[in-house]
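Architecture at a glance
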Amino acid sequence: MKYEISQQGYVDFLNSLTTAQASIHFQNFGSSNRYGISVTSGVYSTTKPFVACSYINWSDLAAYLDWCGLRPLTELEFEKSCRGTLVPVPNEYAWGTTGITTNPYSLINNGAYDENISANYSTSNGNAAYNLTTPYNGSINGPLRAGIFAGNASNIDRVTAGSTIYGIMEMSGNLLEHFVTVGNPSGRLFTGEHGNGELSTSGYADVDNWPPASSLGAGFRGGYWFYYPWYLRVSERSGAAGTDPTRYNSDGGRGGRTAP
């Protein structure tokens, strides 16, 4: 996926499930930290459809990907997606350099399809959502629209767009993402099988050799909107084998599919 799962994408998923299935993949977090999903009379909606979706735990992501016919990505694929076949640069971010902007952003068209950076978009260093640009309890206080940096009028190249070598967006910053880890035996059982569009009766992913709902075998990579810049580095692995089924305002995700 070029972009992290959006709130509208997650709403579409919830609205396709039975009431019981949807209820296990949604928790009402109100409107804090740019989260806009709510449910009324069994119908889910969001006030921030284009903003990346937070509060997604491993069980939620796995179910979403099974429903989509996609699959989770491994942490090795995370690194390959960032740098391709280029020689690694020590301490690099997803855009291939060690430079990152440090000034807090201001937004225009807040929450809309064309939400964009109106102040402090860097024209020389990598742009990313993290603690200096989208600080906790700052004016933004949450993740940004998926793909926001590439669509800025001041964007000149991969670096300022915050893009990986393949044009994949927000692999450094915005939301911490779940990946299958190589850091424990459960993760190493993963065979890359795709979802088939169907969930178990209870609403969980049911693909062989995916990490279970408990998240054992999954971990986190990429950093997020209110954390320190070093956690955005491509080779940062402090949470790579972290098992945590809790939903946080820092956590989102994306999936992939193996080419024929």
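Everything here concerns the structure above.
A brief look at the structure comes next. (Residues numbered from 1 in each chain as written. Predicted model: local features only at pLDDT ≥ 70, side-chain atom pairs only at ≥ 80, totals over all residues. Heavy atoms only, no water.)

Together, Glu-193, Glu-198, Asp-206 and Asp-208 line one region of the surface with negative charge. Here Asp-208 lies in the loop between α6 (185-188) and β6 (218-221). Relative accessible area serves as the criterion here: at 53%, Asp-208 is assigned to the exposed category. (Patch = residues over 30% accessible without salt bridge, like charges linked within 9 Å, V, L, I, M, F, W, Y side chains within 5 Å. Areas by Shrake-Rupley, 256 points an atom, 1.4 Å probe, with all protein chains shown as cover. Salt bridge = Lys/Arg side-chain N within 4 Å of Asp/Glu carboxyl O. Lys, Arg positive; Asp, Glu negative; His and termini not counted. Charge placed at Lys NZ, Arg CZ, Asp CG, Glu CD. Helix = DSSP H or I, 4+ residues; strand = E, 2+ residues; numbered from the N terminus. Buried < 20%, exposed > 50% of the residue type's maximum accessible area, 1.4 Å probe, protein only.)

Summarising burial for strand β5 (residues 176-180): five of the five residues are buried, a large majority. Across two bridges, β5 lies against strand β7 (residues 251-252) in parallel orientation. Across the sheet, Glu-177 pairs through a bridge with Gly-252, a residue of β7. Bridge count for β5 against β6 is four bridges, and the pairing is antiparallel. Paired with His-178 across the bridge in β6 is Phe-220. (Pairing = 2+ DSSP bridges.)

Spatially, β6-β5-β7 is the arrangement adopted by the three strands of the open sheet, whose pairing is mixed. Edge strands, defined here as strands with exactly one partner in the open sheet, are β6 and β7.

This next bit is on the packing of aromatic side chains. Evaluated as defined, the whole model comprises 22 aromatic pairs. Ring geometry for Tyr-93 versus Trp-95: centroids 5.0 Å apart, planes at 25°, classification stacked. Pair check on accessibility: Tyr-93 and Trp-95 agree, each one buried. A ring pair is formed by Tyr-227 and Tyr-228, whose centres lie 5.4 Å apart and whose planes are at 40°; its orientation type is tilted. Linked through ring pairs, Tyr-136, Tyr-224, Trp-225, Phe-226, Tyr-227, Tyr-228, Trp-230 and Tyr-231 together constitute an aromatic cluster. (Phe/Tyr/Trp six-rings, centres within 6.5 Å; stacked < 30°, edge-to-face > 60°.)

Our focus in this paragraph is the nonpolar core. Within the largest apolar cluster, 28 residues are counted, with the highest numbers of intra-cluster contacts made by Ile-5, Tyr-10, Phe-13, Leu-14, Tyr-35, Ile-37 and Cys-53. Listing elements by their share of this core, those giving two or more residues are α1 (7-15) and α3 (58-68). Of the residues forming this core, the biggest block, six residues, is contributed by α3. Not counting the four nearest positions on each side in its chain, Tyr-10 is found in contact with Ile-5, His-25, Ile-37, Cys-53, Ile-56, Asp-60 and Tyr-64. Counting twelve residues, the second largest nonpolar core, distinct from the first, contains Ala-52, Tyr-105, Ile-117 and Phe-149. (Core = buried A, V, L, I, M, F, W, Y, C linked by side-chain atoms within 4.5 Å. Contact = heavy atoms within 4.5 Å.)

Let's shift gears to the side chain of Ser-172. Along the chain, Ser-172 falls in the loop between α5 (158-161) and β5. Reaching out from Ser-172, the side chain makes a polar contact with the backbone nitrogen of Ala-94 at a distance of 3.0 Å. Setting aside residues up to four positions removed in sequence, Ser-172 forms contacts with Tyr-93, Ala-94, Trp-95, Ala-128, Gly-222 and Leu-232. (Polar contact = N/O pair within 3.5 Å; in protein donor to acceptor, adjacent residues only side chain to side chain.)

What follows covers the pattern of salt bridges. Inspection of every chain in the model, using the stated rule, returns nine salt bridges. Glu-115 serves as the salt-bridge partner of Arg-34, at 2.4 Å between the closest nitrogen and oxygen. Here Arg-34 is found in the loop between α2 (19-23) and β1 (37-40), whereas its partner Glu-115 is found in the loop between β3 (106-108) and β4 (116-119), with 81 residues between them in sequence. In terms of burial, Arg-34 and Glu-115 fall into one category: buried. In this structure, the salt-bridge partner of Glu-79 is Arg-83, at a minimum N-O distance of 3.0 Å. One end of the pair, Glu-79, and the other, Arg-83, are both in helix α4 (residues 75-83), four residues apart, so they sit about a helical turn from each other. Note on accessibility: Glu-79 and Arg-83 belong to one class, buried. Salt bridges here are not isolated pairs; linked through shared partners, they connect Glu-75, Glu-79, Arg-83, Glu-92, Arg-221 and Arg-237.

As enumerated under the stated definition, the model contains zero disulfides in all. Just so you know, Cys-53 is unpaired, no disulfide at all, and the nearest cysteine sulfur is the one on Cys-68, 12 Å from it. For Cys-53, a relative accessible area of 1% gives the class buried. (Disulfide = S-S within 2.5 Å.)

Packed helices, taken two at a time, are described by their axes: the angle between them and the distance between them. Where α1 contacts α3, the two axes come as close as 11 Å, and the packing angle between them is 75°. As far as their axial angle goes, α3 and α1 are roughly perpendicular. In contact with Gly-9, Tyr-10, Asp-12 and Phe-13 of α1, α3 contributes Asp-60, Ala-63, Tyr-64 and Trp-67. For the contact of α1 with α3, the per-class residue count stands at five nonpolar, one polar and two charged. (Axes fitted to C-alpha atoms, helices over the stretch in contact; angles between N-to-C directions. Parallel < 35°, antiparallel > 145°, perpendicular 65-115°, else oblique. Nonpolar A, V, L, I, M, F, W, Y, C, P; charged D, E, K, R; others polar.)

A word on α3. The element α3 is largely enclosed, with a buried count of nine among its eleven residues. Looking only at α3, the buried set comprises Trp-58, Ser-59, Asp-60, Leu-61, Ala-62, Ala-63, Tyr-64, Leu-65 and Asp-66. Turning to α3, the residues buried within the fold contact α1, β5 and β6. The N-capping residue of α3, defined by a side-chain oxygen 3.2 Å from the backbone nitrogen of Ser-59, is Asn-57.

The values are spatial; any link to function lies outside them.
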